Amino acid sequence: MSRMPLLCVGISHREAQPSDLAALAESSKEIGNSLARHIGVHTDGQVMLATCNRFEIYLEANTFHGAVGLAMGTIRELIPHLSDELVDAFYSHSGPGAVEHLYRVATGLESMVVGESEILGQVKTALSVSGERVSPRLRRAFQGALSTAKAVATQTGLGSVGRSLASVGLDLATADLPRPDLTDGTDTTDAVDPWASARVLIVGTGQYAGTVVADLLRRGCDHLVVYSGSGNAASFADRHAVTPTHDLAASLKSTDVLVAASGNGPAKITAATLESSSVRVVVDLSGGADVTGELPVRVIDLVEIGVHAPPACQTSIDQAEQMITDGVTEFLQDELGRGAAPAVTAMRGYVGNIIDAELTRARGMYPPEVADAIEWSLHRATSALLHHPSVAAVELARIGRMEEYNQALETLFGILVEPKP
């Protein structure tokens, strides 16, 4: 992939507990800021992906071992309480392997709920918030992964409604909802859906909160209240069909289902918090960041959600796997093709200097209108002349034969190609 490899260092729900991932996510900003100080020295760019399913750092770096050592050293320094067992569980991918892993993550194949809908937005957000820390190659890799993920979501069964952590958690909570009183002889076939009368309070206004609201609306729930410890409830309510609240304790007195979805700590829900509440069940999508200690009600956490996650159709997985293979192959070929840029630039510069010299002489010999016509004609001929050699350079770069092309330029024209830094 060229001498600047793409790397991924991370850990997921397969190796770590939700609380471990929450601790890593809580320190992700500090870790990112520390690593950013090495951009231009040991790395060329970075993207941090921190969710309840995974904590991953994507880097473009000079060396594999140097970048992995830098990332793990930073994590150890800023989160010293992490156990050696957890640190040893971190995985790393390099080059094409890192690209393939990113594509699999973005499409949801590496998620607790295979094909989950939340991860696409999380990957997009991770790229967006990285800003100037993203190198051009990292940006192209993430954009390619997002494009493939969107295609997988729309063209395979993995994009079906309900494939999300939020949906599975709410399904599990259904059994704890208050039921309509049928003692008056009401026919059970006419009974109201329990979600239609359920009172739900959502803590958090991020990606998961939006997914929870959309899922609850599909279930017919229209009593939705949102609380934000950072004061974003009102702005969130402007964009969603929910009622904002600034008084968590008061709102809990008229809540059946509490969904913890902020994930940014410190914990807001404790046994004391629920002491005077009417909450029947807590759906904890925060990985424990919003909830602490034993609660006096049922808690549905990510571990339970993972156990009950519905299996994905193998046909859909196979289709997604093939689309990922095609997407990764296209990205790698395009990146190899970019290796032709120095040769094409040098060749065009060589010919351009000759044309400029001829135009200078022409403008000293002919009237302006004649010189302009000569200039137009020469540039047109130059474009036609250089088209095929430029296309050939890209194709040779894609199959790893750029050195032959560069040697031919030097032998035929004396053009020395300077490699890209």
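Residues numbered from 1 in each chain as written. Predicted model: local features only at pLDDT ≥ 70, side-chain atom pairs only at ≥ 80, totals over all residues. Heavy atoms only, no water.

Draft legend 1. Structural view of the overall build of the protein. Along the protein, the regular secondary structure elements total 17 helices and ten strands. Considering only C-alpha atoms, the protein reaches an extent of 105 × 50 × 40 Å along its principal axes. Classification of the 421 residues of the protein by burial places 48% in the buried group. A total of about 20200 Å² of accessible surface is found on the protein, and carbon and sulfur atoms cover 53% of it. (Helix = DSSP H or I, 4+ residues; strand = E, 2+ residues; numbered from the N terminus. Buried < 20%, exposed > 50% of the residue type's maximum accessible area, 1.4 Å probe, protein only. Areas by Shrake-Rupley, 256 points an atom, 1.4 Å probe, with all protein chains shown as cover.)

Draft legend 2. Representation of empty space enclosed by the protein in the model. Taken as a whole and judged by the stated rule, the model has one cavity of 30 Å³ or more. Taken as a whole, the largest cavity encloses approximately 40 Å³ of empty space. For the largest cavity, the full set of lining residues is Leu6, Leu7, Tyr58, Ala98, Val99, Leu102, Leu138 and Ala141. For the lining of the largest cavity, the secondary-structure elements that each account for two or more residues are strand S1 (6-12), helix H5 (96-107) and helix H7 (136-155). (1 Å grid on protein atoms, 1.4 Å probe; cavity = no way out; pocket = protein on both sides within 12 Å on 5 of 7 lines; lining within 4 Å. Points joined across faces, edges and corners; volume = space filled by probe spheres on them.)

Draft legend 3. Highlighting the side chain of aspartate 284. Residue placement: aspartate 284 occurs in strand S9 (residues 281-284). In this structure aspartate 284 is buried but unpaired, with lysine 268 as the nearest side chain of opposite charge at 9.6 Å. Here serine 286 takes part through its side chain, which lies 2.5 Å from a polar atom of the side chain of aspartate 284. Within the structure, aspartate 284 has its side chain in polar contact with the backbone nitrogen of glycine 288 (distance 3.3 Å). Beyond its immediate stretch of four places on either side in the chain, aspartate 284 contacts Ala260, Val291, Val299, Ile300, Asp301 and Leu302. (Lys, Arg positive; Asp, Glu negative; His and termini not counted. Salt bridge = Lys/Arg side-chain N within 4 Å of Asp/Glu carboxyl O. Polar contact = N/O pair within 3.5 Å; in protein donor to acceptor, adjacent residues only side chain to side chain. Contact = heavy atoms within 4.5 Å.)

Draft legend 4. Quick peek at the sheet that holds strand S3 (residues 54-61). Taken in spatial order, the four strands line up as S2-S3-S1-S4 in an open sheet, and their pairing is antiparallel. Looking along the sheet, the strands with just one partner apiece sit at the ends: strand S2 (43-50) and strand S4 (91-94). Sheet twist, expressed as the mean angle between neighbouring strand axes with direction ignored, is 15°. The pairing of S2 with S3 spans seven bridges and is antiparallel. What sits directly across from threonine 43, in S3, is alanine 61. Its contacts with the sheet put helix H2 (residues 28-36) on S2 and S3, and the angle it makes with S2 is roughly 175°. In the packing of H7 onto the sheet, contacts are made with S1, S2 and S3, and the angle to S3 comes to roughly 135°. (Pairing = 2+ DSSP bridges. Axes fitted to C-alpha atoms, helices over the stretch in contact; angles between N-to-C directions.)

Draft legend 5. Spotlight on the packing of H5 against helix H14 (residues 314-337). The contact between H5 and H14 brings their axes to 10 Å, and the two run at 135°. Considering their axes alone, H5 and H14 lie oblique with respect to each other. Regarding H5 and H14, the two cross each other, and that crossing is right-handed. Seen from H5, the contacting residues are Pro96, Val99, Glu100, Tyr103, Arg104 and Thr107; seen from H14, they are Glu321, Ile324, Gly327, Val328, Phe331 and Leu332. Within the contact of H5 with H14, the residues separate by chemical class into seven nonpolar, two polar and three charged. (Parallel < 35°, antiparallel > 145°, perpendicular 65-115°, else oblique. Left-handed = near helix turned anticlockwise from the far one by under 90°. Nonpolar A, V, L, I, M, F, W, Y, C, P; charged D, E, K, R; others polar.)

Draft legend 6. The layout of surface pockets, seen in detail. Of the pockets and cavities examined, the largest pocket occupies roughly 1100 Å³. Lining the largest pocket are 37 residues, and of these Ala25, Ser28, Ala50, Thr51 and Thr125 sit closest to its centre. For the lining of the largest pocket, the secondary-structure elements that each account for two or more residues are helix H1 (18-26), H2, S2, helix H6 (118-130) and helix H10 (207-218). When grouped by side-chain class, the residues that make up the lining of the largest pocket number 13 nonpolar, 20 polar and four charged.

Draft legend 7. Quick look at helix H15 (residues 341-365). Here H15 is 25 residues long and its end C-alpha atoms lie 36 Å apart, about the 36 Å a rise of 1.5 Å per residue gives. For H15, the complete set of buried residues consists of Pro342, Ala343, Val344, Ala346, Met347, Val351, Ile355, Leu359 and Ala362. Among the structural elements, helix H16 (368-398) and helix H17 (402-413) are those in contact with the buried residues of H15. (Expected span 1.5 Å × (residues − 1).)

Draft legend 8. Representation of the sheet that holds strand S10 (residues 298-300). Here we have six strands laid out as an open sheet, ordered S7-S6-S5-S8-S9-S10, and parallel in their pairing. Two strands bound the open sheet, and with one partner strand each, they are strand S7 (243-245) and S10. Between one strand axis and the next, the sheet turns by 25° as a mean value, whatever way the strands run. Of the pairings in the sheet, the one linking strand S5 (residues 199-203) to strand S8 (residues 257-260) comprises four bridges and is parallel in character. Paired with leucine 201 across the bridge in S8 is leucine 258. Contacting S8, S9 and S10, helix H8 (residues 165-173) runs over the sheet at an angle of about 155° to S10. H10 rests against S5, strand S6 (223-227) and S8 of the sheet, and its axis sits at about 165° to S5.

Draft legend 9. Local environment of a nonpolar patch on the surface. On the surface, a cluster of nonpolar side chains totalling about 410 Å² of accessible area is made up of Tyr350, Ile354, Leu412 and Phe413. Among the elements of the structure, H15 and H17 are those that each provide at least two residues to the nonpolar patch. (Patch = residues over 30% accessible without salt bridge, like charges linked within 9 Å, V, L, I, M, F, W, Y side chains within 5 Å.)

Draft legend 10. Seen up close, the nonpolar core. Ranked by internal contacts, the top residues of the largest apolar core, which has 36 residues, are Leu165, Trp195, Val200, Ile202, Leu216, Val259 and Leu285. Elements represented by at least two residues in this core include exactly H8, S5, H10, S6, helix H11 (233-239), S8, S9 and helix H13 (302-307). Residue contributions to this core peak at six residues, all from H8. Sequence-distant contacts of tryptophan 195, defined by excluding residues within four places in its chain, comprise Leu170, Ala173, Thr174, Leu177, Val200, Leu216, Arg219, Gly220, Cys221 and Val257. Leu6, Tyr58, Val99 and Leu138 belong to the second largest nonpolar core, which has 34 residues in total. (Core = buried A, V, L, I, M, F, W, Y, C linked by side-chain atoms within 4.5 Å.)

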